[in-house]
Structure formats: structure tokens, C-alpha cells
Amino acid sequence: MKRIINSFKREKEYVRLLNDRHGKRHISLVNGLSGMAEAVFIGALCDDLADKLICIVCGDESSAAEMKNLLSQIRDDVYFYPARELCLGEFDGASHDWEQIRISSLFAVLSGKCKVLVTTSEALMQPCIPPEVLKKSAVTLKYGEISDFDALVRFLSEVGYARCDMVESRSQ
């Protein structure tokens with residue numbers, strides 16, 4: 001793998017892209033590679049731009065999910081930010097899984113844990129929770145830690161959760 005990464009780093013296009021990113025230019029288009037080669041190229045850029053957040057905008061959700069999965073094979077700091085599905089009309093229930101993924105990704109960006117965010121233009125155009133609200137709305141529970149149950153219930157109610165008898169999925 002290092003041999004492949006080093007061969008990318010010697011290419012003049014890679015050097016120009018890296019120099020543009022260190023200068024004034026902040027948006028770059030990379031195309032012509034596919035699959036794992038594209039992921040390795042982006043992974044190499046991420047290594048050289050370790051102090052920057054890299055946002056990869058894919059054409060659709062399935063391409064973004066595939067890119068996230070490929071990059072996750074070579075990096076631990078990759079997150080997927082999906083578009084929010086709009087539900088118009090009446091419905092009996094809704095899955096909160098996508099919301100949990102979106103909030104988790106935003107929190108990872110805010111905390112510095114995320115160095116590579118893979119998304120779509122649709123997801124970037126949708127409104128999201130402001131950073132200061134996200135910070136105030138977060139609580140971390142650790143295994144074995146004793147917490148004040150009433151205070152936790154009160155806090156979760158204040159940030160928008162509704163109490164129910166049984167939780168069926170994450171972020172419910």
C-alpha cells in the first residue's frame with residue numbers, strides 16, 4: 001500500500017493539488033480514478049493535509065456510502081453525512097437512523113475526531129443544527145459510570161427527546 005501511495009505522491013498532478021490546497025485554493029475536483037485507487041489517492045491527500053478537514057462531495061448517496069466504506073478500510077477518521085429524508089404527509093412511524101448518523105458526523109467534525117467527511121451536495125444544502133446548539137445538547141455516558149437518572153431525563157427532555165416505555169432504535 002505504501003508503494004502505491006508513494007507513487008501517487010510523485011505525480012505532478014498530486015503535487016499541484018497539494019500545493020493548491022496549502023495556498024489560497026480550497027476547492028479541488030479529482031476525477032479519472034475509480035474505486036480503491038480513488039480512495040488511496042484521497043487517503044494520501046488526507047495524510048499530507050492532516051491538519052485540515054477534507055470534505056468529499058459525491059454525486060449520490062450510494063457513491064458517497066461506497067467511498068466512505070473504501071476510505072474506512074485505510075483510515076479510522078472517515079464519516080458519512082447523508083441527506084435528510086423529507087417525510088410529507090401522514091405516517092405511523094419514522095426511523096431515526098439517518099438523523100443519528102447525521103448528528104454523529106456533525107459531532108465528530110465539531111470534536112475534531114472526523115478528518116474526512118463524505119457527503120452529497122443534497123446533504124450539504126440542507127439545514128443542520130448550529131455548532132453551539134450541538135455542543136450544549138450532547139451528553140456522554142460511560143459504561144459503569146453512575147449518573148443521576150432524573151437529571152438525565154430532564155436534560156434529554158430539554159434537548160427535544162420524548163420519554164417512552166421502550167426504545168427500539170438509536171437516537172429515539
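The rules behind these values
- Residues numbered from 1 in each chain as written.
- Predicted model: local features only at pLDDT ≥ 70, side-chain atom pairs only at ≥ 80, totals over all residues.
- Heavy atoms only, no water.
- Helix = DSSP H or I, 4+ residues; strand = E, 2+ residues; numbered from the N terminus.
- Areas by Shrake-Rupley, 256 points an atom, 1.4 Å probe, with all protein chains shown as cover.
- Patch = residues over 30% accessible without salt bridge, like charges linked within 9 Å, V, L, I, M, F, W, Y side chains within 5 Å.
- Salt bridge = Lys/Arg side-chain N within 4 Å of Asp/Glu carboxyl O.
- Polar contact = N/O pair within 3.5 Å; in protein donor to acceptor, adjacent residues only side chain to side chain.
- Contact = heavy atoms within 4.5 Å.
- Disulfide = S-S within 2.5 Å.
- Buried < 20%, exposed > 50% of the residue type's maximum accessible area, 1.4 Å probe, protein only.
- Axes fitted to C-alpha atoms, helices over the stretch in contact; angles between N-to-C directions.
- Left-handed = near helix turned anticlockwise from the far one by under 90°.
- Nonpolar A, V, L, I, M, F, W, Y, C, P; charged D, E, K, R; others polar.
- Pairing = 2+ DSSP bridges.
- Expected span 1.5 Å × (residues − 1).
- Arc of directions from axis to C-beta.

Participant: Any details on the overall build of the protein? Residues and values, ideally.
Facilitator: What the protein contains, in helices and strands, is 8 helices and 3 strands. Listing the helices and strands of the protein from first to last along the sequence gives α-α-α-β-α-β-α-β-α-α-α. Carbon together with sulfur atoms contributes 54% to the accessible area of the protein, which is approximately 12300 Å² in total.

Participant: Help me get a handle on a nonpolar patch on the surface, residues and values and all.
Facilitator: Together, Met1, Ile4 and Ile74 line one region of the surface with nonpolar side chains, adding up to about 260 Å² of accessible area. Structurally, methionine 1 is set in the segment before α1 (2-10).

Participant: With reference to specific residues and values, describe the side chain of arginine 75.
Facilitator: Secondary-structure assignment places arginine 75 in the loop between α4 (61-72) and β2 (78-81). Engagement of the side chain of arginine 75 in a polar contact is seen with the side chain of aspartate 77, the distance being 2.8 Å. When near neighbours in sequence (up to four residues on either side) are disregarded, arginine 75 contacts Gly43, Cys46, Asp47, Lys115 and Val116.

Participant: For the state of the cysteines, give the residues involved together with the corresponding values.
Facilitator: Enumeration according to the criterion identifies 0 disulfides in this entry. Cysteine cysteine 55 shares no disulfide, and the gap to the nearest cysteine sulfur, in cysteine 114, comes to 8.6 Å. On the accessibility criterion, cysteine 55 (37% relative accessible area) is partly exposed. The thiol sulfur of cysteine 58 is not disulfide-bonded, and the nearest other cysteine sulfur, from cysteine 55, lies at 9.2 Å.

Participant: Got a sec to walk through the packing of helix α3 (residues 35-48) against α4? Specific residues and values, please.
Facilitator: A pair of packed helices can be characterised by two numbers: the angle between their axes and the separation between those axes. The contact between α3 and α4 brings their axes to 9 Å, and the two run at 65°. Along this stretch, α3 crosses α4, giving a crossing that reads as right-handed. Here α3 contributes Gly35, Met36, Glu38, Ala39, Ile42 and Gly43 to the contact with α4, which in turn contributes Met67, Leu70 and Leu71. Of the residues in the contact of α3 with α4, the class split is 6 nonpolar, 2 polar and 1 charged.

Participant: Would you mind going over the pairing of strand β1 (residues 54-58) in detail, with residue names and values included?
Facilitator: Taking every second residue as pointing to the same face, the buried face of β1 carries Ile54, Ile56 and Cys58, while none of Cys55 and Val57 on the other face is buried. The pairing of β1 with strand β3 (residues 116-120) spans 5 bridges and is classified as parallel. Bridge pairing in β3 links cysteine 58 to threonine 120.

Participant: Before we move on, could you go through helix α5 (residues 97-111) and cite the residues and values that matter?
Facilitator: For α5, which comprises 15 residues, the first-to-last C-alpha distance of 21 Å matches the rise-based estimate of 21 Å (1.5 Å per residue) to within 8%. Residues of α5 that are buried include every one of Arg102, Ser105 and Ala108, and no others. In a view along the axis of α5, the buried residues occupy a sector of 130°, so they form one face of it. Tucked into the core, α5 has its buried residues touching β2, β3 and α6 (121-125). Positive phi appears at glycine 112, one or two residues downstream of α5, with a value of about 85°.

Participant: Before we move on, can you summarise the environment of aspartate 51 with the specific residues and values?
Facilitator: Along the chain, aspartate 51 turns up in the loop between α3 and β1. Note on aspartate 51: relative accessible area 59%, which makes it exposed. Residues aspartate 51 and lysine 115, spaced 64 residues apart in sequence, show a C-alpha to C-alpha distance of 8.2 Å.

Participant: Report on the pattern of salt bridges, specifying residues and quantitative values.
Facilitator: For the structure on display, the rule yields 3 salt bridges. The salt bridge partner of arginine 75 is aspartate 47, with a shortest N-O separation of 2.7 Å. With arginine 75 in the loop between α4 and β2 and aspartate 47 in helix α3, this pair connects stretches of sequence that are 28 residues apart. Linking aspartate 77 and arginine 75 is a salt bridge whose minimum nitrogen-to-oxygen distance equals 2.8 Å. Residues aspartate 77 and arginine 75 agree in their burial class; the two are buried. By sharing partners, the salt bridges in this structure join Asp47, Arg75 and Asp77 into a single network.

Function cannot be inferred from these measures alone, as they are strictly geometric.
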